[in-house]
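What follows is the residue order along each chain.
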Amino acid sequence: MFESHKQPILPFPVFLKRVFRFTLFAFLLTTISVAAGTVGYHYFADLSWLDSFYMACMILTGMGPTVILQSPGAKIFSSIYALYSGIAFLSISAVLFTPFIHRLLHKLHVEDSQSD
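Residues numbered from 1 in each chain as written. Predicted model: local features only at pLDDT ≥ 70, side-chain atom pairs only at ≥ 80, totals over all residues. Heavy atoms only, no water.

*Asks:* Quick rundown of the overall build of the protein chain? Include the residues and the values.
*Replies:* Check the secondary structure of the protein chain and you find three helices and zero strands. For the protein chain, whose C-alpha radius of gyration is 20 Å, the value lies well above the compact-globule estimate of 13 Å for 116 residues. The dimensions of the protein chain, computed from C-alpha atoms along their principal axes, are 65 × 25 × 20 Å. Looking at the 116 residues of the protein chain, the share that counts as buried comes to 30%. For the protein chain, the exposed area adds up to about 7900 Å²; of that, 74% sits on carbon and sulfur atoms. Averaged over its 7 positive side-chain charges, the protein chain has a centre that lies 7 Å from the centre of its 6 negative ones. (Helix = DSSP H or I, 4+ residues; strand = E, 2+ residues; numbered from the N terminus. Rg over C-alpha atoms; globule rule 2.2 N^0.38 Å. Buried < 20%, exposed > 50% of the residue type's maximum accessible area, 1.4 Å probe, protein only. Areas by Shrake-Rupley, 256 points an atom, 1.4 Å probe, with all protein chains shown as cover. Lys, Arg positive; Asp, Glu negative; His and termini not counted. Charge placed at Lys NZ, Arg CZ, Asp CG, Glu CD.)

Written as structure tokens, this is what we have:
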């Protein structure tokens, strides 16, 4: 998927295609995560769809809950979703920044090896 350190750096248009693919994948992961949270909050916490969406977005981004949950099922779901969201947020961020970090490291390595 990525060029090795012995290969030249990708041309900029090809790099932009890679960035687009990774961004699309990160967007897909975000959409799936928000959808799962929205359905879960709607079902377990008996919130409206809009409030469920808002709660899922706030938990996924680490901002915190917006509604005090009453039922044990809602509290358990919210706890599990919060744990998942912490991992998902970091993973989605990693997917989003991977092409940029790889290009930077690849460029530094190529420049370093060319000076030998």
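What follows picks up the thread again.
*Asks:* Now, about the environment of F77: what can you tell me, with residues and values included?
*Replies:* Residue placement: F77 occurs in helix α3 (residues 72–114). Classification of F77 as buried rests on a relative accessible area of 15%. Counting along the chain gives 14 residues from F77 to S91, while the straight-line C-alpha distance between them is 21 Å. If we skip the residues at most four places from it in the chain, F77 touches A36, G37, G40, Y41 and F44. (Contact = heavy atoms within 4.5 Å.)

*Asks:* Can you tell me about the packing of aromatic side chains, naming the residues and giving the values?
*Replies:* Scanning the entire structure with this criterion turns up nine aromatic pairs. Summarising the aromatic geometry, the rings of F77 and Y81 are spaced 5.8 Å apart at their centres and angled 15° between planes, so their arrangement reads as stacked. Taken together, the residues F77 and Y81, both in helix α3 and four residues apart, mark about one turn of the helix. Relative accessible area serves as the criterion here: at 4%, Y81 is assigned to the buried category. Taken together through their ring pairs, the aromatic side chains of Y41, Y43, F44, F77, Y81 and Y84 make up a single cluster. The ring centre of F15 lies 4.5 Å from the NZ or CZ of R103, which sits over that ring. (Phe/Tyr/Trp six-rings, centres within 6.5 Å; stacked < 30°, edge-to-face > 60°. Lys NZ or Arg CZ within 6 Å of the ring centre and 35° of its normal.)

*Asks:* How would you summarise the nonpolar core if you had to cite specific residues and measurements?
*Replies:* Residues Y41, A45, M55, L69 and Y81 are the most contacted members of the largest nonpolar core, which totals 17 residues. At the level of secondary structure, the elements contributing two or more residues to this core comprise α1 (12–44), α2 (49–60) and α3. Sorting elements by how many residues they give to this core places α3 first, with six residues. Residues contacting A45, with those up to four places away along its chain left out, are G40, L69 and A74. (Core = buried A, V, L, I, M, F, W, Y, C linked by side-chain atoms within 4.5 Å.)

*Asks:* So what's going on with the side chain of S33? Residues and values would help.
*Replies:* Relative to the helices and strands, S33 is located in helix α1. Among the polar contacts made by the side chain of S33, one reaches the main-chain carbonyl oxygen of L29 at a distance of 2.9 Å. (Polar contact = N/O pair within 3.5 Å; in protein donor to acceptor, adjacent residues only side chain to side chain.)

*Asks:* Summarise α1; cite the residues concerned and give the values.
*Replies:* Over its 33 residues, α1 runs 47 Å from end to end, which matches the ideal 48 Å to within 8%, given 1.5 Å per residue. Two residues or fewer after α1 comes D46, characterised by a positive phi angle close to 55°. (Expected span 1.5 Å × (residues − 1).)

Such coordinate-based values are descriptive only and should not be taken to indicate function.
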